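# Residue-level structural notes
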Amino acid sequence: MAQEPKIDPWPGLVTDIFHDRAITPHEGVVALDAPKRAEDAAIVPMTITLLAPGLRAATLVIDENPMPMAAAFSFGDGAGVQKIETRVRVNSYTNVHVVGRTADDALHSVVKFVKASGGCSAPAIKDQDEADANLGKMKYREFASETPALREAQIMIRHPNNSGMQMDPLTRAYLPAHYVDKVEVRQGDALIFSMEGGISLSEDPSFRFVYKPNGAKTIRVEAHDNQGGVFKGEWPIGSAS
């Protein structure tokens, strides 16, 4: 029997996520570093590099995932974000798009194909009781930046980020969806970036980013999840390690 041709979900996602706005494939605005074949479909590293100056936003879309919009990043004025890394679940072989919004409000995209499957239903890495006990705890790290005028840091949030597709091994019932849906990162009071996300983010969401310091003495983070949880952290900006 003839096999039905596979339907490309991207045009529909342009309608659903970007409201049918024109998106131009353009290599010089954003770049995406993603593995061709993932070692672990539940923890797939993605690195977005912002190439155009003054980029306002970048949206990471995993076309074939049940909730394709993995992370929508918005950048603060003057934050000078150059790069941002995170980890995602990939449910099946898929195109992954990054769409950047430039200062003139135009949309530009790049795409990579990633071979992975089962990431959204993969069992949790940690015991659920342990995950609940550590819910919302955060870690902050700094790194030596390759460019003296920039800083590099990482925020890690303890959270199961349950997709709603994972099964409890004892009860055989599906675990309710419980995921980080918003993160704001600030230096002092000034926004570095905000993120809106969903079930495609991996367990224990992590964001490593390169930004331009403004002289502030602290990094502040506030995260929310879809069940009403609010988590906060604040750290002094110190010497890179």
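Okay, so let's go over this structure. (Residues numbered from 1 in each chain as written. Predicted model: local features only at pLDDT ≥ 70, side-chain atom pairs only at ≥ 80, totals over all residues. Heavy atoms only, no water.)

### Overview of the pattern of salt bridges
Rules: Any carboxyl oxygen of Asp or Glu within 4 Å of a side-chain nitrogen of Lys or Arg constitutes a salt bridge here. Helical segments are the DSSP runs of H or I of at least four residues, strand segments are the runs of E of at least two, and each set is numbered from the N terminus. The buried label applies to any residue whose accessible area, calculated with a 1.4 Å probe on protein chains only, is under 20% of its type's maximum; exposed applies above 50%, and partly exposed to all values in between.
Scanning all chains against the criterion turns up nine salt bridges. Note that Asp 105 and Arg 56 form a salt bridge whose closest N and O atoms lie 3.9 Å from each other. In this pair, Asp 105 sits in the loop between β7 (94-101) and β8 (107-114) while Arg 56 sits in the loop between β3 (44-50) and β4 (57-62), placing the two residues 49 residues apart along the sequence. For Asp 105, a relative accessible area of 32% corresponds to the partly exposed category. Its relative accessible area of 38% is what places Arg 56 among the partly exposed residues. Glu 152 is the partner of Arg 208 in a salt bridge, and the nearest nitrogen-oxygen pair spans 2.7 Å. Linking Arg 208 in strand β13 (residues 206-211) with Glu 152 in strand β10 (residues 151-157), this pair joins segments that are 56 residues apart in sequence. When its relative accessible area of 25% is taken as the criterion, Arg 208 is described as partly exposed. Judged by relative accessible area, Glu 152 falls into the buried class, the value being 14%.

### Some thoughts on the nonpolar core
Counted only if it meets this: What is meant by a nonpolar core is a set of buried Ala, Val, Leu, Ile, Met, Phe, Trp, Tyr and Cys residues, joined one to another through side-chain atoms within 4.5 Å.
Grouped together as the largest cluster of nonpolar side chains are 50 residues, with contacts concentrated most on Phe 193 and Ile 219. The next biggest cluster of nonpolar side chains, apart from the first, holds eight residues, and it includes Leu 13, Ile 23, Val 61 and Val 99.

### Quick look at the sheet that holds strand β11 (residues 180-187)
For clarity, the cut-off: In this analysis, strands are considered paired if DSSP registers two or more bridges between them. An axis is simply a line fitted to the C-alpha atoms; with a helix, the fit covers only the stretch in contact. Between two such axes, the angle follows the N-to-C directions and lies from 0 to 180 degrees. Throughout, a contact is declared for two residues whenever any of their heavy atoms are within 4.5 Å.
Strand order in this open sheet of nine strands is β1-β8-β7-β4-β5-β12-β11-β14-β15, and the pairing throughout is mixed. The open sheet has two edge strands, β1 (23-25) and β15 (230-236), and neither has a second partner. Pairwise comparison of adjacent strand axes, ignoring direction, gives a mean angle of 20° for this sheet. The pairing of strand β5 (residues 69-75) with strand β12 (residues 190-197) spans five bridges and is antiparallel. By the bridge assignment for β12, Phe 73 is matched with Met 195. Against the sheet, helix α1 (residues 10-18) touches β1, β4, β5, β7 and β8, its axis set at about 135° to β4.

### So, the environment of Val 210
Positionally, Val 210 belongs in strand β13. Owing to a relative accessible area of 12%, Val 210 belongs among the buried residues under this scheme. In this structure, Val 210 is in contact with Gly 80, Val 81, Gln 82, Lys 83, Leu 150, Arg 151 and Glu 152, ignoring residues within four places of it in sequence.

### Side note on the sheet that holds strand β2 (residues 30-33)
Each strand in a sheet pairs with its neighbour through backbone hydrogen bonds, running either in the same direction (parallel) or in the opposite one (antiparallel). Taken in spatial order, the six strands line up as β2-β3-β6-β13-β10-β9 in an open sheet, and their pairing is antiparallel. Sheet topology places β2 and β9 (138-143) at the edges, where each strand pairs with a single neighbour. With strand direction ignored, the average angle separating the axes of adjacent strands in the sheet is 15°. Sheet topology note: the strand β6 (residues 83-88)/β13 ladder contains three bridges and is antiparallel. Each bridged residue has a counterpart across the sheet, and for Glu 85 the counterpart in β13 is Arg 208.

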